[in-house]
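Notes for the structure review
Spelled out, the chains give:
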Amino acid sequence: MLRYIAIRRNNIVKSKPHPRAYYPSVILCSHHNLFSRRSTHSTAKFTMLSLPSTPPPKSKILVLGAGNFGSCLADHLGNSDHEVFMWSREARFVEYFNKHQRNPDYLKDHEFSTNIRAVGPEIPSKEMMKQMDVLLFAIPTQGVRETLIKLEHSFDRANLPLMIFVNKGIETDTQALTLEIIADTCGSEIARAATFISGPSFAKEIVRRQPTSVSVASLTESQAKKASEIFHQPWFRCYTGSDPIGLELAGALKNVYAIATGLADGLGFENNTRAGLITRGLAEMTRIGTAYGASPLTFLGLAGVGDLFLTCSSPTSRNYTVGYRLGKGEPLEDIIKTLGSVAEGVTTVKGLKKIIDEMQVSAPLANGIYALLYEGKDLHEGIQELMCRPPSRELDLPEKAGEPAKRLMQKLGLDA
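Residues numbered from 1 in each chain as written. Predicted model: local features only at pLDDT ≥ 70, side-chain atom pairs only at ≥ 80, totals over all residues. Heavy atoms only, no water.

**Quick look at the nonpolar core**
Here is the rule we go by: Take the buried residues of types Ala, Val, Leu, Ile, Met, Phe, Trp, Tyr and Cys, join any two whose side-chain atoms come within 4.5 Å, and each joined set is a nonpolar core. In this scheme, a residue with accessible area under 20% of its type's maximum is buried, one over 50% is exposed, and one in between is partly exposed, where area comes from a 1.4 Å probe on protein chains only. Secondary structure is summarised from DSSP: a helix means a run of H or I of at least four residues, a strand means a run of E of at least two, and numbering begins at the N terminus for each. Residue contacts are counted whenever heavy atoms from the two residues lie within 4.5 Å of one another.
Judged by nonpolar contacts, the single largest core of 79 residues is most densely connected at Leu62 and Ile245. In terms of residues, this core owes the most to one element, helix 9 (residues 244-267), which gives 13 residues. Among all residues touching leucine 62, those that are not within four sequence positions of it are Phe85, Trp87, Val119, Pro124, Met128, Met129, Met132, Val134, Leu135 and Leu136. Of all hydrophobic cores here, the second largest spans 35 residues; its members include Ala74, Met86, Val214 and Ala227.

Laid out in structure tokens, this is it:
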């Protein structure tokens with residue numbers, strides 16, 4: 001059967017983005033030759049040559065957060081012909097972006113879609129919120145509660161927009177996942193409809209239209225499908241699921257294990273060590289997630305092993321970079337000051353430590369990273385302790401599981 005293909009483009013489209021602008025001609029080939037390459041340049045940019053059979057309707061989308069990931073998703077949505085508003089709390093950013101169509105802080109060399117307009121620094125008004133079809137939250141987990149409290153009074157509960165969250169982390173003070181934060185601030189109805197996107201998706205590759213795949217999960221299947229339809233393009237594939245708890249935990253925990261793999265690389269350990277850490281990290285995060293009440297299968301998907309592998313194996317990863325620089329002997333405080341963006345694993349491990357202790361689940365890697373970052377543990381002593389533990393069973397899941405998820409489901413008004 002003939003299917004669409006992708007070709008590499010060496011130029012960047014400067015005109016007003018429209019889906020058809022990216023399809024200069026129609027080329028068909030068999031599915032055995034999906035991509036046609038014209039160049040050997042290392043930063044390939046693929047463009048699909050066929051339109052979806054039923055393009056999704058144009059939506060008005062408010063992206064809350066103008067950081068690395070929020071910006072790249074705004075660009076993707078703008079290039080998909082949606083009308084996008086990107087909110088920033090900095091007046092400097094709003095003025096610069098609207099004048100130059102560029103982000104002064106992230107993805108600086110990229111010219112963003114002209115379907116995007118920056119707004120802020122004031123919190124979006126109730127009138128503006130009513131006009132939105134989608135709210136996309138791309139702010140660090142530690143700021144989600146504060147932002148939702150400020151926005152909640154502006155929601156039209158009779159006509160709620162689709163709410164999508166792409167942050168990855170655990171709230172430090174409460175050990176809450178974002179799903180629980182939404183329930184606490186906005187109520188169980190909004191939490192049940194909230195949708196989460198996660199997976200192996202570096203921002204710089206998304207804006208180049210490198211083929212990317214993500215997981216989309218919600219307790220309300222119809223909402224996950226809506227989000228998938230809004231984001232889905234031939235270069236950005238979406239796979240839906242019904243386990244937002246597992247998706248959130250996978251996205252948060254992989255950042256902790258990325259610090260561990262970066263540390264090992266910084267110390268000079270090589271491929272055997274990295275492969276072992278990634279594999280044992282997957283086993284550990286699956287064990288933690290299952291004890292929490294998530295499906296172990298979620299950790300075998302894009303949000304689990306997919307994102308874990310990407311984050312643990314690339315120097316582009318902020319969390320990997322933190323670990324690498326620690327391995328080279330830099331103090332954590334200096335690393336955080338000069339990193340230039342948020343490494344969620346550094347704060348996530350605080351909340352994770354409390355969850356691990358409460359559930360009494362075995363998590364030597366996560367405990368080791370916590371001890372190094374917050375208890376002054378000597379790095380070499382910590383490695384010695386990890387490697388000198390007695391032999392143990394490779395794969396196991398906790399016999400008693402699900403209490404945290406059960407409490408959360410009850411808070412959402414759902415049977416556990």
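**Examining the packing of aromatic side chains**
Heads up, the rule is: Between rings of Phe, Tyr and Trp, where Trp is taken as its six-membered ring, a pair exists when centres lie within 6.5 Å; planes separated by under 30 degrees are stacked, by over 60 edge-to-face, and by other angles tilted.
Tallied over the full model, the rule gives seven aromatic pairs. Each ring, one from phenylalanine 93 and one from phenylalanine 97, has its centre 5.7 Å from the other, and the planes form 25°; the classification is stacked. Highlighted residues: phenylalanine 93 and phenylalanine 97, both in helix 2 (residues 91-100), separated by four residues, approximately one helical turn. Owing to a relative accessible area of 0%, phenylalanine 97 belongs among the buried residues under this scheme.

**Notes on the confidence of the model for the protein chain**
Atom-level detail of predicted coordinates should not be read off regions where pLDDT is low. We count it as follows: pLDDT expresses, on a scale from 0 to 100, how confident the predictor is about each individual residue.
Confidence in the prediction for the protein chain averages 88 pLDDT; 86% of positions are at 70 or higher. Predicted confidence is poor over residues 1-42, with pLDDT under 50, and the contacts of this stretch with residues over four places away or in other chains come to 84 contacts.

**What about the sheet that holds strand 8 (residues 116-119)?**
Rules: Two strands are said to pair when DSSP picks up at least two bridges between them. Lines fitted to the C-alpha atoms define the axes, with helices restricted to the stretch that makes contact. Angles between their N-to-C directions range from 0 to 180 degrees.
Within the open sheet, the eight strands sit side by side as 8-7-6-9-10-11-12-13. Their pairing is mixed. Where the open sheet ends on each side, the last strands, each with one partner, are strand 8 and strand 13 (236-241). Between one strand and the next, the sheet's axes are offset by a mean angle of 25°, whatever the strand orientation. Here strand 7 (residues 83-87) pairs with strand 8 via four bridges, running parallel. For phenylalanine 85, the partnering residue across the bridge sits in strand 8 and is arginine 117. Along the sheet face, helix 11 (residues 302-313) touches strand 11 (195-198), strand 12 (212-218) and strand 13 and points at about 145° away from the line of strand 12.

**Describing unusual backbone geometry**
Most peptide bonds take the trans form, and the phi angle of most residues other than glycine is negative. Cis peptide bonds are those with omega within 30 degrees of zero, and the linkage from glycine 120 to proline 121 qualifies with 5°. Mapped onto the fold, proline 121 is located in the loop between strand 8 and helix 3 (126-131). Look at aspartate 81: it is not a glycine, yet its phi comes out positive at around 75°. In this fold, aspartate 81 is placed in the loop between helix 1 (68-79) and strand 7. At glutamine 175, a residue that is not glycine, the phi angle is positive and equals roughly 60°. Relative to the helices and strands, glutamine 175 is located in the loop between strand 10 (162-165) and helix 5 (178-186).

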